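Listed here are the chains, written in short residue letters.
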Amino acid sequence: MKLPPGPARRAVRFVAGGAVLALALSGCAAQDDVVTLDFFQFKPEAVANFSSIIDEFEAANPGIRVVQNHVPDADTAIRTLLVKDKTPDVLTLNGNGRYGDLAKACVFADLSDLPVVEQVRPAVTDIIDDLGSCDEGEVNALPFSSNASGILYNRDLFAQYGVEVPLTWDGLLEVAETFEAAGVTPFYTTIKDAWTMGPAFVNLGGALQPDGFYDRLRAAGPDVASGEVSFSKDYPEAVEKLTTLYGFGQDDAASRDYNAGNAAFGAGEAAMYMQGSYAIPAIRAANPDANIGSFPYPATNSPEETVVVSGVDVAVSVGRDTEHPEEARRFVEFLMSPDVVERYAQEQSAFSPLATGAETTDPALAGLAPYFEDNRIIGFIDHQLPASLPLPQYLQELVLGGRPEDFLSTMDREWSKIAARTIPNEKD
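Described in the following lines is the structure provided in the data block. (Residues numbered from 1 in each chain as written. Predicted model: local features only at pLDDT ≥ 70, side-chain atom pairs only at ≥ 80, totals over all residues. Heavy atoms only, no water.)

Notes on the overall build of the chain
Then comes step 1: The helix and strand inventory of the chain stands at 19 helices and twelve strands.
Then comes step 2: Taking 428 residues into account, the globule formula puts the C-alpha radius of gyration at 22 Å, and the chain, at 22 Å, falls close to it.
Then comes step 3: Each principal axis of the C-alpha distribution contributes one length, and for the chain these read about 70 × 60 × 40 Å.
Then comes step 4: Across the 428 residues that make up the chain, the buried fraction comes to 54%.
Then comes step 5: Each charge sign in the chain was given a centre, from 30 positive and 63 negative side chains, and these centres are 6 Å apart. (Helix = DSSP H or I, 4+ residues; strand = E, 2+ residues; numbered from the N terminus. Rg over C-alpha atoms; globule rule 2.2 N^0.38 Å. Buried < 20%, exposed > 50% of the residue type's maximum accessible area, 1.4 Å probe, protein only. Lys, Arg positive; Asp, Glu negative; His and termini not counted. Charge placed at Lys NZ, Arg CZ, Asp CG, Glu CD.)

Overview of the environment of glutamate 138
Then comes step 1: Inspection of the secondary structure puts glutamate 138 in the loop between helix H6 (122-129) and strand E5 (142-146).
Then comes step 2: Assessed through its relative accessible area of 13%, glutamate 138 is described here as buried.
Then comes step 3: Distance from glutamate 138 to glutamate 177, taken between C-alpha atoms, is 49 Å for residues 39 residues apart in sequence.
Then comes step 4: Glutamate 138 has contacts with Asp110, Ser133 and Arg320, leaving out every residue within four places of it along the chain. (Contact = heavy atoms within 4.5 Å.)

Digging into unusual backbone geometry
Trans is the prevailing form of peptide bonds, just as negative phi is the prevailing case for residues other than glycine.
Then comes step 1: Even without being a glycine, serine 349 presents a positive backbone phi close to 50 degrees.
Then comes step 2: Relative to the assigned elements, serine 349 resides in the loop between helix H16 (338-347) and helix H17 (369-373).
Then comes step 3: Judged by its relative accessible area of 5%, serine 349 is buried.
Then comes step 4: Despite not being glycine, asparagine 375 shows a phi value in the positive range, around 60 degrees.
Then comes step 5: Mapped onto the fold, asparagine 375 is located in the loop between H17 and strand E12 (377-378).

Overview of H16
Then comes step 1: Taken as a whole, H16 has its buried residues at Val340, Val341, Tyr344 and Ala345. Projected down its long axis, H16 carries its buried residues within an arc of 130 degrees, all on one side.
Then comes step 2: In this structure, the buried residues of H16 make contact with helix H3 (47-60), E5, strand E11 (312-318) and helix H15 (325-335).
Then comes step 3: Once H16 finishes, serine 349 follows within two positions and takes phi at roughly 50 degrees, a positive value. (Arc of directions from axis to C-beta.)

Okay, structure coming up:
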């Protein structure tokens, strides 16, 4: 990847594993009164974006140097660093369940006193807070970039066949049937990569599950069968709708992966694609002229109930034991400045998490933007599941012909097993 000229070109390090990263970080120290910050950055497609941001920051703060360390496997690398007691000064991580585990383990500093905390959209704050924190009231990460998971569609094909964006579940089925009858693949599906079934599951499940589902599930502990909620009781409709949509995929779906899906959808090989805003840059990389639109999953026949699943695509944290807390916080405040946040959002087809952020101008996001602006968003439900529960593999088995009742009972059984090990039983 070609990087812009300047200090950031020298400050980017690509490494293949955590051990090498640890060596890279151990060599970063203050030299000649210049403080060097280790910046752990997990998104390969954003290396150049952050290099440009670092150049600007260093120009405004000549006493601070920022070394961007990007690794292919962020989860493994960060665990390796923690074992070696080498937590980076500043980190970006995906705001998911793994981040929540690290926050609850008190890996990150409390940033609750930074002014920008009050500028984050309330719904986005709720999403990151729900993942956990070191202590009640702490803010262990600031949302830098938000994504939105919906259905992407080919505007040209919709116009060619006179199809309107559906607002209801029945309307979505009519759209799929219209394209199928015309010989156009309704949905391009990529079953080879198990995780790609997740977006449809979290959208349908999140919209259709009862309020407080996961709080009540955790409260039940291992006693799922006798609890108020369970996957078997509350997820049959979501699972049935999931398998219905995958039934409109192309014949070779089992051998197609995410990269193939981005290229094929970009080339116009299907009318719709069950991926979110995060896929747009990759689709455009395959075909810059792809005419992409988006709309939320209409999980029911009541449009007023429709919500958009959104996650904190990039969360910014400071290592709790950093030797340079003042400089690290100054860099974080620069990252979270409205101009930087909004520019990154435009470049990466994302949403600004700031309440004062400008509305997105990306036409591909126009169908999801109103829900984001109105705080009609919910978090990714899979972020509430333990990492040891292999949801992607279970979903893959399901859409390849598994029985829904087997999927649901397996989810209940695995939750119970994990809860028995990890959730205290107040009855004891």
